[in-house]
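# Survey of secondary and tertiary structure
Given next are the chains, with one letter for each unit.
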Amino acid sequence: MSQPTIRITRKGVDRWKAGHPWIYEADLEQKPAALEGGEVVRVEDGRGYFLGQAFFSRDSKISLRWLSWTDEAVDDDFFRARLATADALRRRALPDETAYRVVHGEADLLPGLVVDRFGDFLSVQFLHKATEQRKAALTRLLVEHFQPRAIVNRSDANVRRLEGLEPEKGVLHGALSGPATYREGHITLEVDLLTGQKTGAFLDQRDNHVMASEWAHGEALDCFSYAGGFALQLALKARAVTAVEISEAACAQIEANAKRNALGNVTAVAANAFDFLRDALDEGKRYDTIVLDPPSFAKNKSAVQAAARGYKEINLRAMQLLNPGGVLISASCTHHIDEARFEEMLDSAAADAKRRVQILEKRGAGKDHPVLLSLRETRYLKCFVLRVL
Ligand code: SAH
(Lines give C-alpha, C1' and ligand atoms only; values in the text may rest on other atoms or scores of the structure.)
Protein backbone atom coordinates (compact mmCIF):
# COMPACT_ATOMS: atom_id res chain seq x y z
CA MET A 1 0.00 0.00 0.00
CA SER A 2 1.42 3.38 -0.93
CA GLN A 3 1.99 5.94 1.78
CA PRO A 4 -0.77 8.57 2.14
CA THR A 5 0.21 12.06 1.00
CA ILE A 6 -0.97 15.40 2.34
CA ARG A 7 -0.36 18.75 0.68
CA ILE A 8 -0.02 21.89 2.75
CA THR A 9 -0.64 25.56 1.96
CA ARG A 10 1.92 28.30 1.37
CA LYS A 11 1.48 29.40 5.00
CA GLY A 12 2.10 25.85 6.17
CA VAL A 13 5.26 25.68 4.07
CA ASP A 14 6.48 28.91 5.67
CA ARG A 15 5.95 27.43 9.12
CA TRP A 16 7.79 24.31 8.05
CA LYS A 17 10.69 26.43 6.82
CA ALA A 18 10.74 28.30 10.13
CA GLY A 19 11.25 24.96 11.85
CA HIS A 20 7.91 24.84 13.63
CA PRO A 21 7.10 21.20 14.42
CA TRP A 22 3.31 21.43 13.84
CA ILE A 23 0.94 22.10 10.96
CA TYR A 24 -2.61 23.15 11.85
CA GLU A 25 -5.74 21.88 10.11
CA ALA A 26 -6.26 25.28 8.45
CA ASP A 27 -2.92 24.88 6.66
CA LEU A 28 -3.80 21.57 4.97
CA GLU A 29 -4.88 21.94 1.34
CA GLN A 30 -7.49 19.28 2.03
CA LYS A 31 -8.36 17.20 5.06
CA PRO A 32 -7.86 13.58 3.96
CA ALA A 33 -11.24 11.87 4.33
CA ALA A 34 -9.85 8.34 4.16
CA LEU A 35 -7.40 8.61 7.04
CA GLU A 36 -8.28 7.65 10.60
CA GLY A 37 -5.44 9.39 12.37
CA GLY A 38 -2.13 8.02 13.58
CA GLU A 39 -0.72 7.40 10.08
CA VAL A 40 2.76 8.46 9.01
CA VAL A 41 2.05 10.63 5.98
CA ARG A 42 4.20 12.13 3.22
CA VAL A 43 3.96 15.90 3.29
CA GLU A 44 4.22 17.96 0.10
CA ASP A 45 3.82 21.58 -0.88
CA GLY A 46 1.10 22.71 -3.31
CA ARG A 47 3.18 21.66 -6.31
CA GLY A 48 4.03 18.20 -5.03
CA TYR A 49 7.52 18.97 -3.73
CA PHE A 50 8.39 16.54 -0.90
CA LEU A 51 8.85 18.28 2.46
CA GLY A 52 9.04 15.43 4.94
CA GLN A 53 7.01 12.92 6.92
CA ALA A 54 4.65 13.56 9.79
CA PHE A 55 2.18 11.88 12.14
CA PHE A 56 -1.36 12.70 11.03
CA SER A 57 -4.01 13.50 13.61
CA ARG A 58 -7.74 13.49 12.76
CA ASP A 59 -9.20 14.85 15.95
CA SER A 60 -6.73 17.52 17.03
CA LYS A 61 -6.49 21.00 15.50
CA ILE A 62 -2.81 20.16 15.12
CA SER A 63 -3.05 17.93 12.05
CA LEU A 64 0.58 17.18 11.37
CA ARG A 65 3.52 16.70 13.66
CA TRP A 66 6.83 16.52 11.85
CA LEU A 67 8.72 13.30 12.23
CA SER A 68 11.34 13.28 9.52
CA TRP A 69 12.68 15.53 6.79
CA THR A 70 13.79 12.69 4.51
CA ASP A 71 12.24 9.78 2.67
CA GLU A 72 13.48 7.20 5.19
CA ALA A 73 11.35 4.25 6.33
CA VAL A 74 9.56 4.94 9.62
CA ASP A 75 9.92 1.48 11.14
CA ASP A 76 11.40 -0.19 14.22
CA ASP A 77 14.93 0.88 13.26
CA PHE A 78 13.77 4.48 12.93
CA PHE A 79 12.27 4.53 16.44
CA ARG A 80 15.16 2.49 17.87
CA ALA A 81 17.56 5.19 16.63
CA ARG A 82 15.40 8.06 17.95
CA LEU A 83 15.19 6.44 21.40
CA ALA A 84 18.93 5.78 21.45
CA THR A 85 19.69 9.40 20.46
CA ALA A 86 17.39 10.73 23.16
CA ASP A 87 18.93 8.53 25.84
CA ALA A 88 22.48 9.32 24.68
CA LEU A 89 21.83 13.03 25.36
CA ARG A 90 20.83 12.26 28.96
CA ARG A 91 23.75 9.91 29.55
CA ARG A 92 26.07 12.65 28.34
CA ALA A 93 24.41 15.59 30.10
CA LEU A 94 23.56 13.75 33.34
CA PRO A 95 26.02 10.84 33.57
CA ASP A 96 25.38 10.21 37.29
CA GLU A 97 21.59 10.37 37.27
CA THR A 98 19.33 7.34 37.21
CA ALA A 99 16.08 9.33 37.24
CA TYR A 100 15.48 11.53 34.25
CA ARG A 101 13.15 12.16 31.33
CA VAL A 102 14.36 9.93 28.51
CA VAL A 103 11.96 11.22 25.87
CA HIS A 104 10.35 14.68 25.94
CA GLY A 105 7.96 14.43 22.98
CA GLU A 106 8.52 16.90 20.15
CA ALA A 107 11.72 18.21 21.74
CA ASP A 108 13.25 14.78 21.06
CA LEU A 109 11.56 14.50 17.65
CA LEU A 110 9.19 11.91 19.05
CA PRO A 111 5.81 13.69 19.15
CA GLY A 112 3.22 12.13 21.42
CA LEU A 113 5.71 10.13 23.48
CA VAL A 114 6.96 10.82 26.99
CA VAL A 115 9.27 8.40 28.79
CA ASP A 116 10.53 8.96 32.34
CA ARG A 117 13.12 6.72 33.93
CA PHE A 118 13.05 6.10 37.68
CA GLY A 119 16.04 3.85 38.29
CA ASP A 120 15.07 0.36 37.06
CA PHE A 121 11.56 1.45 36.08
CA LEU A 122 10.10 3.36 33.16
CA SER A 123 6.90 5.40 33.17
CA VAL A 124 5.49 6.14 29.73
CA GLN A 125 2.78 8.34 28.17
CA PHE A 126 1.34 7.71 24.70
CA LEU A 127 -0.44 10.99 24.07
CA HIS A 128 -1.54 10.80 20.43
CA LYS A 129 -3.11 8.16 18.21
CA ALA A 130 0.18 7.73 16.37
CA THR A 131 2.06 6.66 19.49
CA GLU A 132 -0.97 4.84 20.95
CA GLN A 133 -1.17 2.67 17.82
CA ARG A 134 2.55 1.91 18.08
CA LYS A 135 2.41 1.20 21.81
CA ALA A 136 3.41 -2.47 21.53
CA ALA A 137 6.38 -1.78 19.26
CA LEU A 138 7.59 1.19 21.32
CA THR A 139 7.29 -0.86 24.53
CA ARG A 140 9.30 -3.67 22.93
CA LEU A 141 12.01 -1.18 21.85
CA LEU A 142 12.15 0.35 25.35
CA VAL A 143 12.55 -3.13 26.87
CA GLU A 144 15.33 -3.87 24.38
CA HIS A 145 17.19 -0.62 25.17
CA PHE A 146 16.73 -0.33 28.96
CA GLN A 147 15.87 -3.83 30.17
CA PRO A 148 13.71 -2.25 32.88
CA ARG A 149 12.13 -4.22 35.75
CA ALA A 150 8.79 -2.79 34.72
CA ILE A 151 7.22 -0.31 32.31
CA VAL A 152 4.18 1.54 33.56
CA ASN A 153 1.69 3.17 31.20
CA ARG A 154 0.62 6.57 32.56
CA SER A 155 -1.47 7.64 29.60
CA ASP A 156 -4.16 8.80 32.03
CA ALA A 157 -3.72 12.38 30.83
CA ASN A 158 -6.72 14.42 29.77
CA VAL A 159 -4.89 15.79 26.70
CA ARG A 160 -5.56 12.38 25.13
CA ARG A 161 -9.20 13.38 24.76
CA LEU A 162 -8.18 16.06 22.24
CA GLU A 163 -6.94 13.15 20.12
CA GLY A 164 -10.10 11.12 20.55
CA LEU A 165 -8.45 8.78 23.05
CA GLU A 166 -9.61 7.80 26.53
CA PRO A 167 -7.13 8.17 29.40
CA GLU A 168 -5.63 4.82 30.36
CA LYS A 169 -3.07 3.32 32.75
CA GLY A 170 -1.56 -0.01 33.72
CA VAL A 171 1.58 -2.12 33.64
CA LEU A 172 2.89 -2.79 30.12
CA HIS A 173 5.88 -4.92 30.96
CA GLY A 174 7.34 -6.71 33.99
CA ALA A 175 5.92 -6.44 37.47
CA LEU A 176 5.49 -3.61 39.90
CA SER A 177 5.61 -4.58 43.54
CA GLY A 178 5.30 -1.52 45.77
CA PRO A 179 6.89 1.87 45.26
CA ALA A 180 9.97 2.49 43.14
CA THR A 181 12.85 4.51 44.55
CA TYR A 182 15.16 7.00 42.87
CA ARG A 183 17.78 9.48 43.90
CA GLU A 184 18.06 13.26 43.62
CA GLY A 185 21.37 14.50 45.00
CA HIS A 186 21.67 13.19 48.58
CA ILE A 187 17.98 12.35 48.86
CA THR A 188 16.25 9.07 48.03
CA LEU A 189 12.63 9.43 46.98
CA GLU A 190 9.86 6.86 46.86
CA VAL A 191 7.39 7.04 44.04
CA ASP A 192 4.25 5.05 43.36
CA LEU A 193 4.35 4.87 39.59
CA LEU A 194 0.71 3.84 39.25
CA THR A 195 -0.97 6.22 41.66
CA GLY A 196 1.44 9.18 41.74
CA GLN A 197 0.71 12.41 39.86
CA LYS A 198 1.63 12.65 36.15
CA THR A 199 4.23 9.95 35.43
CA GLY A 200 4.83 9.47 39.16
CA ALA A 201 6.92 12.54 39.94
CA PHE A 202 8.00 15.92 38.56
CA LEU A 203 11.44 15.16 37.19
CA ASP A 204 11.65 18.58 35.51
CA GLN A 205 12.40 20.06 38.96
CA ARG A 206 15.19 17.60 39.83
CA ASP A 207 18.08 20.07 39.44
CA ASN A 208 16.08 22.82 41.13
CA HIS A 209 15.33 20.51 44.08
CA VAL A 210 19.05 19.91 44.56
CA MET A 211 19.83 23.61 44.07
CA ALA A 212 17.30 24.47 46.82
CA SER A 213 19.46 22.71 49.41
CA GLU A 214 22.28 25.15 48.60
CA TRP A 215 20.15 28.17 49.56
CA ALA A 216 18.17 26.64 52.42
CA HIS A 217 18.62 28.00 55.93
CA GLY A 218 16.71 28.64 59.14
CA GLU A 219 12.97 28.11 59.21
CA ALA A 220 11.76 26.80 55.82
CA LEU A 221 8.40 26.48 54.09
CA ASP A 222 7.65 24.43 50.96
CA CYS A 223 4.25 25.15 49.40
CA PHE A 224 2.65 22.76 46.88
CA SER A 225 5.04 20.10 48.06
CA TYR A 226 3.69 16.93 46.37
CA ALA A 227 5.98 14.11 47.63
CA GLY A 228 8.48 16.55 49.15
CA GLY A 229 10.94 16.97 46.29
CA PHE A 230 11.86 20.45 47.55
CA ALA A 231 10.99 19.96 51.22
CA LEU A 232 13.49 17.15 51.75
CA GLN A 233 16.32 19.03 50.10
CA LEU A 234 15.54 22.06 52.28
CA ALA A 235 15.61 19.78 55.33
CA LEU A 236 19.28 18.95 54.69
CA LYS A 237 20.23 22.52 55.66
CA ALA A 238 17.24 24.18 57.31
CA ARG A 239 16.43 23.92 61.02
CA ALA A 240 12.82 22.92 60.33
CA VAL A 241 10.69 22.51 57.22
CA THR A 242 6.92 22.81 56.88
CA ALA A 243 5.61 21.16 53.71
CA VAL A 244 2.15 22.33 52.66
CA GLU A 245 0.21 20.12 50.26
CA ILE A 246 -3.52 19.81 49.62
CA SER A 247 -3.50 16.08 48.82
CA GLU A 248 -3.57 13.77 51.86
CA ALA A 249 -1.98 10.98 49.82
CA ALA A 250 0.93 13.25 48.88
CA CYS A 251 1.32 14.29 52.54
CA ALA A 252 1.68 10.62 53.48
CA GLN A 253 4.41 10.34 50.85
CA ILE A 254 6.23 13.38 52.23
CA GLU A 255 6.27 11.70 55.64
CA ALA A 256 7.42 8.36 54.20
CA ASN A 257 10.17 10.10 52.24
CA ALA A 258 11.34 12.09 55.30
CA LYS A 259 11.53 8.86 57.30
CA ARG A 260 13.39 7.01 54.56
CA ASN A 261 16.04 9.75 54.61
CA ALA A 262 16.11 9.93 58.42
CA LEU A 263 15.08 13.59 58.35
CA GLY A 264 13.24 14.37 61.58
CA ASN A 265 12.77 18.08 60.86
CA VAL A 266 10.00 17.87 58.22
CA THR A 267 6.32 18.42 59.04
CA ALA A 268 3.70 17.78 56.36
CA VAL A 269 0.55 19.90 56.61
CA ALA A 270 -2.50 18.94 54.54
CA ALA A 271 -3.86 22.37 53.63
CA ASN A 272 -4.64 24.82 50.86
CA ALA A 273 -1.42 26.80 50.40
CA PHE A 274 -3.33 30.04 49.71
CA ASP A 275 -5.04 29.76 53.10
CA PHE A 276 -1.87 28.62 54.84
CA LEU A 277 0.09 31.66 53.61
CA ARG A 278 -2.67 34.07 54.65
CA ASP A 279 -3.04 32.51 58.10
CA ALA A 280 0.74 32.45 58.61
CA LEU A 281 0.85 36.20 57.98
CA ASP A 282 -2.08 36.82 60.32
CA GLU A 283 -0.30 34.81 63.00
CA GLY A 284 2.91 36.80 62.53
CA LYS A 285 5.01 33.79 61.45
CA ARG A 286 8.34 34.38 59.70
CA TYR A 287 10.52 32.15 57.51
CA ASP A 288 14.05 32.23 56.13
CA THR A 289 13.49 30.04 53.05
CA ILE A 290 10.27 29.61 51.08
CA VAL A 291 9.56 27.50 47.98
CA LEU A 292 6.47 28.05 45.82
CA ASP A 293 5.89 25.42 43.15
CA PRO A 294 2.19 25.49 42.33
CA PRO A 295 0.40 23.47 39.65
CA SER A 296 -0.28 25.27 36.39
CA PHE A 297 -2.85 27.99 37.11
CA ALA A 298 -3.55 28.65 33.40
CA LYS A 299 -4.53 25.70 31.25
CA ASN A 300 -5.44 28.02 28.37
CA LYS A 301 -4.86 31.58 27.19
CA SER A 302 -8.10 32.98 28.57
CA ALA A 303 -7.08 31.97 32.08
CA VAL A 304 -3.83 33.97 32.03
CA GLN A 305 -5.15 37.04 33.88
CA ALA A 306 -6.58 34.99 36.71
CA ALA A 307 -3.42 32.88 36.82
CA ALA A 308 -1.22 35.97 37.08
CA ARG A 309 -3.32 37.16 40.03
CA GLY A 310 -2.92 33.76 41.70
CA TYR A 311 0.86 33.81 41.25
CA LYS A 312 1.03 37.36 42.54
CA GLU A 313 -0.99 36.57 45.63
CA ILE A 314 1.22 33.71 46.78
CA ASN A 315 4.48 35.47 45.88
CA LEU A 316 3.46 38.69 47.61
CA ARG A 317 2.58 36.79 50.79
CA ALA A 318 5.79 34.76 50.65
CA MET A 319 7.85 37.96 50.35
CA GLN A 320 6.04 39.42 53.37
CA LEU A 321 6.68 36.24 55.35
CA LEU A 322 10.45 36.25 54.77
CA ASN A 323 12.94 37.59 57.27
CA PRO A 324 15.53 40.04 55.85
CA GLY A 325 18.05 37.96 53.87
CA GLY A 326 15.43 35.27 53.33
CA VAL A 327 15.37 33.29 50.08
CA LEU A 328 12.32 32.73 47.90
CA ILE A 329 12.43 29.98 45.27
CA SER A 330 9.47 30.66 43.02
CA ALA A 331 8.45 28.41 40.13
CA SER A 332 5.73 28.40 37.48
CA CYS A 333 5.05 25.61 35.00
CA THR A 334 2.46 27.30 32.81
CA HIS A 335 3.74 28.08 29.32
CA HIS A 336 1.06 30.73 28.86
CA ILE A 337 3.06 32.93 31.25
CA ASP A 338 6.56 33.31 29.89
CA GLU A 339 9.67 34.28 31.80
CA ALA A 340 9.30 38.02 31.11
CA ARG A 341 5.69 38.03 32.29
CA PHE A 342 6.58 35.99 35.36
CA GLU A 343 9.35 38.43 36.23
CA GLU A 344 6.94 41.38 35.87
CA MET A 345 4.54 39.65 38.25
CA LEU A 346 7.36 39.14 40.78
CA ASP A 347 8.34 42.78 40.46
CA SER A 348 4.81 43.92 41.10
CA ALA A 349 4.47 41.51 44.07
CA ALA A 350 7.69 42.92 45.59
CA ALA A 351 6.42 46.48 45.19
CA ASP A 352 3.12 45.64 46.90
CA ALA A 353 4.94 43.73 49.62
CA LYS A 354 7.15 46.82 50.08
CA ARG A 355 10.27 44.68 49.95
CA ARG A 356 13.46 45.11 47.93
CA VAL A 357 14.25 41.86 46.16
CA GLN A 358 17.37 40.55 44.41
CA ILE A 359 17.33 37.96 41.63
CA LEU A 360 19.98 35.38 42.49
CA GLU A 361 19.23 32.85 39.73
CA LYS A 362 16.83 32.34 36.85
CA ARG A 363 16.43 28.70 36.01
CA GLY A 364 14.33 26.34 33.93
CA ALA A 365 13.84 22.59 33.65
CA GLY A 366 16.82 20.23 33.73
CA LYS A 367 18.85 19.22 30.69
CA ASP A 368 16.71 16.12 30.25
CA HIS A 369 13.85 18.43 29.24
CA PRO A 370 15.33 20.03 26.13
CA VAL A 371 13.66 23.11 24.70
CA LEU A 372 12.85 23.40 21.01
CA LEU A 373 13.82 26.88 19.92
CA SER A 374 10.89 26.95 17.50
CA LEU A 375 8.28 25.72 19.99
CA ARG A 376 7.70 28.02 22.94
CA GLU A 377 5.49 25.44 24.64
CA THR A 378 8.58 23.37 25.43
CA ARG A 379 10.02 26.29 27.46
CA TYR A 380 7.35 26.09 30.13
CA LEU A 381 9.18 25.90 33.46
CA LYS A 382 10.50 29.01 35.23
CA CYS A 383 12.27 28.84 38.57
CA PHE A 384 13.56 32.09 40.11
CA VAL A 385 15.77 32.27 43.16
CA LEU A 386 15.20 35.59 44.92
CA ARG A 387 16.51 37.19 48.09
CA VAL A 388 14.44 39.60 50.09
CA LEU A 389 16.53 42.39 51.57
N1 SAH B 1 6.78 20.85 44.29
C2 SAH B 1 6.52 19.52 43.79
C3 SAH B 1 5.57 19.49 42.61
C4 SAH B 1 4.32 20.27 42.82
S5 SAH B 1 3.02 19.88 41.75
C6 SAH B 1 7.82 18.87 43.38
O7 SAH B 1 8.79 19.58 43.17
O8 SAH B 1 7.85 17.64 43.26
C9 SAH B 1 1.75 20.80 42.52
C10 SAH B 1 1.22 20.20 43.82
O11 SAH B 1 0.36 21.16 44.40
C12 SAH B 1 0.42 18.94 43.65
O13 SAH B 1 0.94 17.95 44.49
C14 SAH B 1 -1.00 19.33 44.09
O15 SAH B 1 -1.66 18.28 44.82
C16 SAH B 1 -0.74 20.48 45.00
N17 SAH B 1 -1.80 21.50 45.12
C18 SAH B 1 -2.68 21.91 44.18
N19 SAH B 1 -3.40 22.95 44.64
C20 SAH B 1 -2.97 23.19 45.90
C21 SAH B 1 -3.34 24.15 46.89
N22 SAH B 1 -4.27 25.07 46.66
N23 SAH B 1 -2.68 24.11 48.06
C24 SAH B 1 -1.72 23.21 48.31
N25 SAH B 1 -1.34 22.28 47.40
C26 SAH B 1 -1.95 22.27 46.22
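Overview of the structure. Owing to the predicted nature of the structure, the values given are computational and were not obtained by experimental measurement. (Residues numbered from 1 in each chain as written. Predicted model: local features only at pLDDT ≥ 70, side-chain atom pairs only at ≥ 80, totals over all residues. Heavy atoms only, no water.)

Take the site of the ligand next. The local shell around the ligand holds 14 residues, among which H209, F224, E245, A273 and D293 are the closest. In the model, a nitrogen atom of the ligand is placed 3.1 Å from a nitrogen or oxygen of the N272 side chain. Contact between the ligand and D293: a nitrogen atom at 2.7 Å from a side-chain N or O atom of the residue. Here the ligand, which alone exposes 580 Å², has 89% of that area covered by the protein. Counted by class, the shell around the ligand contains eight nonpolar, four polar and two charged residues. (Near = heavy atom within 4 Å. Polar contact = N/O pair within 3.5 Å; in protein donor to acceptor, adjacent residues only side chain to side chain. Areas by Shrake-Rupley, 256 points an atom, 1.4 Å probe, with all protein chains shown as cover. Nonpolar A, V, L, I, M, F, W, Y, C, P; charged D, E, K, R; others polar.)

Taken together, the seven strands give an open sheet; going across it, the order is β15-β14-β13-β16-β17-β19-β18, and neighbouring strands pair in mixed fashion. Unpaired on one side and paired on the other, β15 (266-270) and β18 (357-363) mark the two borders of the sheet. Between one strand axis and the next, the sheet turns through 15° on average, direction left out of account. Where strand β13 (residues 219-223) meets strand β16 (residues 287-292), four bridges bridge the pair, whose relative direction is parallel. From the neighbouring strand, D222 faces β16, where its bridge partner is V291. Here helix α5 (residues 206-215) sits on the sheet in contact with β16, β17 (322-332), β18 and β19 (382-388), set at roughly 145° to β18. (Pairing = 2+ DSSP bridges. Helix = DSSP H or I, 4+ residues; strand = E, 2+ residues; numbered from the N terminus. Axes fitted to C-alpha atoms, helices over the stretch in contact; angles between N-to-C directions. Contact = heavy atoms within 4.5 Å.)

The geometry of helix α9 (residues 304-321) relative to helix α10 (residues 339-353) is characterised by a closest axis approach of 8 Å and an angle of 45° between their N-to-C directions. In terms of orientation, α9 lies oblique with respect to α10. When you trace α9 past α10, the crossing you get is right-handed. Where α9 abuts α10, its residues V304, Q305, A308, Y311, K312, N315, L316, M319 and Q320 lie against R341, F342, M345, L346, S348, A349, A350, D352 and A353. (Parallel < 35°, antiparallel > 145°, perpendicular 65-115°, else oblique. Left-handed = near helix turned anticlockwise from the far one by under 90°.)

Here we take up empty space enclosed by the protein. Scanning the model with the defined rule gives two cavities of 30 Å³ or more in all. Of the volumes computed, that of the largest cavity is approximately 40 Å³. Among the residues making up the lining of the largest cavity, the classes are represented as three nonpolar, three polar and three charged. The space that makes up the second largest cavity amounts to roughly 30 Å³. What lines the second largest cavity is simply F55, F79, L110, P111, L113, T131 and L138. In terms of residue class, the lining of the second largest cavity is built from six nonpolar, one polar and no charged. (1 Å grid on protein atoms, 1.4 Å probe; cavity = no way out; pocket = protein on both sides within 12 Å on 5 of 7 lines; lining within 4 Å. Points joined across faces, edges and corners; volume = space filled by probe spheres on them.)

Think of an α-helix as 3.6 residues a turn; residues three or four steps apart then line up on the same face. The end-to-end C-alpha distance of helix α4 (residues 135-146), which contains 12 residues, comes to 16 Å, matching closely the 16 Å that a straight helix rising 1.5 Å per residue would cover. Among the residues of α4, those classed as buried are K135, L138, T139, L141, L142 and F146. Considered in projection along α4, the buried side chains sweep an arc of 165° and stay on one side of the axis. (Expected span 1.5 Å × (residues − 1). Buried < 20%, exposed > 50% of the residue type's maximum accessible area, 1.4 Å probe, protein only. Arc of directions from axis to C-beta.)

On the basis of which strands lie adjacent, the open sheet formed by five strands has the order β1-β3-β4-β5-β2 and mixed pairing. Every interior strand has two partners, whereas the edge strands, β1 (5-7) and β2 (22-24), have only one. Averaged over all pairs of adjacent strands, the angle between strand axes in this sheet comes to 40°, irrespective of strand direction. Judged from the five bridges that link them, strand β3 (residues 40-44) and strand β4 (residues 50-56) form a sheet pairing that is antiparallel. When the sheet's bridge partners are listed, R42 is paired in β4 with Q53. Across the sheet, helix α1 (residues 10-17) is in contact with β2, β4 and β5 (62-68); its angle to β2 comes to roughly 165°.

All right, on to the environment of Q305 then. Looking at where Q305 falls in the secondary structure, it is placed in helix α9. Sequence separation of Q305 and I337 is 32 residues, and the distance between their C-alpha atoms is 9.5 Å.

The next thing to look at is the packing of aromatic side chains. Applying the stated criterion to the full structure yields 13 aromatic pairs. Here the aromatic rings of W16 and W66 are separated by 5.9 Å at their centres, their planes lie at 45°, and the arrangement is tilted. A residue pair is termed long-range when its members are at least 10 positions apart, and W16 in helix α1 and W66 in strand β5 qualify at 50 residues. With a relative accessible area of 18%, W16 lands in the buried category. Taking the centre distance of 6.0 Å and the plane angle of 90° together, the rings of Y311 and F342 count as edge-to-face. With a gap of 31 residues between them, Y311 in helix α9 and F342 in helix α10 connect regions that are remote in the sequence. Across the pair, exposure class does not vary: Y311 and F342 are buried alike. Through pairs of rings, three or more aromatic residues link up here, namely F224, F274, F297, Y311, F342 and F384. (Phe/Tyr/Trp six-rings, centres within 6.5 Å; stacked < 30°, edge-to-face > 60°.)

For the structure on display, the rule yields 35 salt bridges. Residue E25 pairs with K31 through a salt bridge whose shortest N-O separation is 3.8 Å. The class of E25 is partly exposed, set by a relative accessible area of 28%. Taken together, the shared-partner salt bridges connect R7, R42, E44 and D71 into one network. (Salt bridge = Lys/Arg side-chain N within 4 Å of Asp/Glu carboxyl O.)

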